[in-house]
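# Structural features, examined
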Amino acid sequence: MKGQLLTRLVTLSSCLGIGAVTAQVFDPNKGSSSGWDPATVGTNKTTNATFSNPVMTLNVGDPFMTKYTADGEDWYLFTYTTNSNITLKRSRYLTDNWDNAESRVVFNPDPTSGEPWSTSLWAPEIHNISGSWYIIFTATSDGDNPPPLVDAMCPINCPAINHRMFVLAGDGPDPWTANFQMKPMLDTYDQFAIDGTYFHFEDKLYHIYSCWEEKYSSWPANLCITRMSDPWTINSTLAERRIISVPNEPWEQVPYGRPIRLATNEGPQQLTNPKTGQNFVIYSAARVNTPFYCLGMLELVGNDPMEYQSWRKHRDGCVFHQNTVTGIYGTGHASFTTSPDGSEDYIVYHAQTTANPQSDLYRTARVQKFTWNEDGTPKFPLAENGPFDVPAGQLALAQR
């Protein structure tokens, strides 16, 4: 059956004219901008009352923001794709210029070591689970340049075939001072796995990540879920793993409506309505290095996240997307946090500055307030540059 499937995929890809196309490989560290005036980045330091996007102009993808408290002070904790290490930043203020924030490298592997976590480190997230801190990320040993005979097993080029998921565990309650140690590789059944995140439901822990249906599928990229017994241990078998979303909508595909190659679901992130308790997975759709990259949404409508019938996809298009009028493109890979006083909800996302990105992709980090619809679903704004009012509680914090 697998052989027949691969034959059909090769035949289809040939019909679509993509059989001999080489994959686009890009290094997020190489992209650059034409320059930003620091006075226009983040909080307006003349008044401290407004801010503008972006809030970070260093080349940054996959931004993840959370909050923590240490020694009686509240902090925002930020991490993102550097490609070569795991870096944390922190600030008391959500919208200040994150280029200038305190920075700490907590994991810096030797790229020549051949270890499975040593190159192409993507999409780190840092989570507080039961009072301990864990960093989950994806990496590979080969810099997304697998041996030709491995790549040849895929019907379409598959540079990320050896990407797997990893977890670093902190040894203390303060993530800024903790030392982080590698735990055993997360079990993704020796298959492609990127952009993993934790999903919490009724005191149970799950792993949701971007996956292929089979080891050599290459495309499309789907969303898979497995059960966890702790933050680094999967206790689902491959037969029990579930695909909960496939990129079968035309807006999840690049070009629009073309199946298989570049059809993408990735970057999943749990979002819970604080008033109704409704649980959503906000994920990235389409292709990361195009202006069409956007956010899609799943809602947990059943009582078991491991059953695909428990999930309902929002099928009416992206819930957050490019704004060509304001020059914001490729809006994706979001995380969520709140204002300093906890009364407002904010989306943190990356975006491109051009509708025609180069291979060496350049992205900035951006922050915007969002609200909730009457049916309990998130109500995301248009992607904008601002200026906006600073988050509630931030001005008072700055005036102390």
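Description of the structure in this document. What you see is a predicted model; the values in this text were computed from it and never measured.

Let us look at the packing of aromatic side chains. For the structure shown, the criterion picks out 17 aromatic pairs. Considering the side-chain rings of Phe78 and Tyr80, the 5.4 Å spacing of their centres and the 35 degrees angle between planes classify their relative orientation as tilted. Pair check on accessibility: Phe78 and Tyr80 agree, each one buried. When the centroid spacing of 4.8 Å and the interplanar angle of 75 degrees are considered together, the rings of Phe320 and Tyr349 count as edge-to-face. On the criterion of sequence distance, the pair formed by Phe320 in the loop between β19 (311-313) and β20 (329-338) and Tyr349 in strand β21 (residues 345-352) is long-range, its members being 29 residues apart.

Moving on: the nonpolar core. Formed by 20 residues in total, the largest nonpolar core has its most connected members in Ile86, Ile126, Ile135, Phe137 and Phe180. Elements represented by at least two residues in this core include exactly β3 (61-70), β4 (73-81), β5 (86-91), β6 (102-107), β7 (119-129), β8 (132-140) and β9 (164-170). Here this core gets 4 residues from one element, more than from any other, and that element is β8. If sequence neighbours within four positions are ignored, Ile126 has contacts with Phe64, Thr66, Leu77, Thr79, Leu88, Trp133, Tyr134, Ile135, Pro175 and Phe180.

Another point: unusual backbone geometry. Of note, the amide linkage connecting Trp219 to Pro220 takes the cis form, showing an omega dihedral of -5 degrees. Looking at the secondary structure, you find Pro220 in the loop between β12 (204-211) and β13 (222-230). Note that the residue after Val254, namely Pro255, is joined by a cis bond; omega there is -10 degrees. The topology assignment puts Pro255 in the loop between β15 (242-245) and β16 (265-272). Positive phi, normally seen in glycine, also occurs at Asp62, with a value near 60 degrees. Within the secondary structure layout, Asp62 lies in strand β3.

Below, the discussion takes up the pattern of salt bridges. In total, this model carries 10 salt bridges according to the counting rule given. Among the ionic pairs, Asp190 bridges to Lys215, the shortest N-O distance being 3.0 Å. Taken as a pair, Asp190 in the loop between β10 (180-182) and β11 (193-201) and Lys215 in the loop between β12 and β13 lie far apart in primary sequence, 25 residues in all. Among the residues examined, Lys215 registers a relative accessible area of 27% and is labelled partly exposed. Between Glu344 and Lys369 there is a salt bridge, with the nearest N and O atoms lying 3.4 Å from each other. Separated by 25 residues along the polypeptide, Glu344 in the loop between β20 and β21 and Lys369 in strand β22 (residues 363-372) bring together distant segments of the chain. Here Glu344 falls in the buried class, since its relative accessible area comes to 15%. Each of the salt bridges in this network shares a partner with another, and the network as a whole consists of Arg164, Asp190 and Lys215.

Turning our attention to the state of the cysteines. Summed over the entire model, instances satisfying the criterion amount to 3 disulfides. Residue pairing for Cys154: its cysteine sulfur links by disulfide to Cys158, the two sulfurs lying 2.1 Å apart. Between Cys154 and Cys158, the disulfide has an S-S torsion of 85 degrees and is therefore right-handed. A relative accessible area of 8% places Cys154 in the buried class. Cys158 sits in the buried class, given a relative accessible area of 1%. Between the sulfur atoms of Cys211 and its disulfide partner Cys224 the distance amounts to 2.0 Å. Measuring the twist about the S-S bond at about 75 degrees, one finds the Cys211-Cys224 disulfide to be right-handed. With a gap of 13 residues between them, Cys211 in strand β12 and Cys224 in strand β13 connect regions that are remote in the sequence.

A few words on the environment of Tyr216. For Tyr216, the location among the structural elements is in the loop between β12 and β13. Looking at Tyr216, the relative accessible area reads 25%, which means it is partly exposed. Between the alpha carbons of Tyr216 and Gly170 there is a distance of 34 Å; along the sequence they are 46 residues apart.

Attention shifts here to the sheet that holds strand β2 (residues 50-52). In space, the 3 strands of this open sheet follow the order β1-β2-β24, with antiparallel pairing throughout. Sheet topology places β1 (42-43) and β24 (388-389) at the edges, where each strand pairs with a single neighbour. Note: β1 against β2, 2 bridges, orientation antiparallel. Within β2, the position partnered with Thr43 by the bridge is Phe51.

How each quantity is defined
- What you see as residue numbers is a count from 1 along each chain, following the sequence as written.
- Predicted model: local features are reported for residues with pLDDT of at least 70 only, side-chain atom pairs are reported and counted for 80 or more only, and whole-chain, interface and lining totals are derived from all residues.
- As a convention, hydrogens and water are excluded, and side-chain values are obtained from all of the structure's heavy atoms.
- Here is the rule: rings of Phe, Tyr and Trp (six-membered ring for Trp) pair when centre to centre is within 6.5 Å. Planes less than 30 degrees apart are stacked, more than 60 are edge-to-face, and the remainder are tilted.
- The cut-offs for exposure are 20% and 50% of the maximum accessible area for each residue type, with area from a 1.4 Å probe on protein chains only; residues under the lower value are buried, those over the upper are exposed, and the others partly exposed.
- Helix and strand labels come from DSSP, where a helix needs a run of H or I of at least four residues and a strand needs a run of E of at least two; each type is numbered from the N terminus.
- As used in this record, nonpolar core signifies buried Ala, Val, Leu, Ile, Met, Phe, Trp, Tyr and Cys residues forming a set joined through side-chain atoms within 4.5 Å.
- Contacts are residue-level and defined by heavy atoms, with any inter-residue pair within 4.5 Å sufficient.
- Any Lys or Arg side-chain nitrogen located within 4 Å of an Asp or Glu carboxyl oxygen qualifies as a salt bridge.
- Cysteine sulfur atoms that come within 2.5 Å of each other are treated as a disulfide pair.
- Should DSSP find at least two bridges between two strands, the strands are regarded as paired.

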